[in-house]
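The lines below spell out each chain.
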Amino acid sequence: MNNTTVNSKRQLSRLEILTQVEQGIASGELQLGEGLQRLRKEISGLNQKDFAKLCGVSLRTLAGIESGQSNPTLDTINQLFSLFGLKVGLVSKYSTSKK
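None of the values given here were measured: they were computed from a predicted structure.

Parameters at a glance
- Residues numbered from 1 in each chain as written.
- Predicted model: local features only at pLDDT ≥ 70, side-chain atom pairs only at ≥ 80, totals over all residues.
- Heavy atoms only, no water.
- Phe/Tyr/Trp six-rings, centres within 6.5 Å; stacked < 30°, edge-to-face > 60°.
- Helix = DSSP H or I, 4+ residues; strand = E, 2+ residues; numbered from the N terminus.
- Buried < 20%, exposed > 50% of the residue type's maximum accessible area, 1.4 Å probe, protein only.
- Axes fitted to C-alpha atoms, helices over the stretch in contact; angles between N-to-C directions.
- Parallel < 35°, antiparallel > 145°, perpendicular 65-115°, else oblique.
- Left-handed = near helix turned anticlockwise from the far one by under 90°.
- Contact = heavy atoms within 4.5 Å.
- Nonpolar A, V, L, I, M, F, W, Y, C, P; charged D, E, K, R; others polar.

Enquirer: Could you give me a rundown of the packing of aromatic side chains, with the residues and numbers involved?
Expert: Overall, the coordinates contain one aromatic pair when judged by the stated rule. Here the aromatic rings of Phe51 and Phe84 are separated by 5.8 Å at their centres, their planes lie at 20°, and the arrangement is stacked. In this pair, Phe51 is assigned in helix H4 (residues 48-55) and Phe84 in the segment after helix H6 (74-81), connecting sequence segments 33 residues apart. Pair check on accessibility: Phe51 and Phe84 agree, each one buried.

What follows is the structure, encoded as structure tokens:
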């Protein structure tokens, strides 16, 4: 069995999932709703109804965000992502490091 096979069978840690989702959203490879859905399923293990109730949003709102069909406010997005210790904000696309 090679390393790729072993790694694909091992379950990712919470930190690895959070990092993948953060990087995916930041790079544009993942939409916010896709990232949220992955966190909800893989970290919380909750269905949409229970997760929406826990976060204080309607099931319709959550389903719309996860499917990319709605245009939520930053407050709503942060309300949903806060359960995972995340907050949506602005990040410069230009490097701020000095050479």
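Enquirer: Give me the lowdown on the packing of helix H3 (residues 32-44) against H6, citing residues and values where you can.
Expert: It is at 11 Å that the axes of H3 and H6 come closest, and there the two elements cross at 25°. In terms of their interaxial angle, H3 and H6 are classed as roughly parallel. The interaxial crossing formed by H3 with H6 has left-handed handedness. Of H6, the residues touching H3 (which contributes Leu32, Leu36 and Leu39) are Ile77, Leu80 and Phe81. Partitioned by chemical class, the residues of the contact of H3 with H6 number six nonpolar, no polar and no charged.

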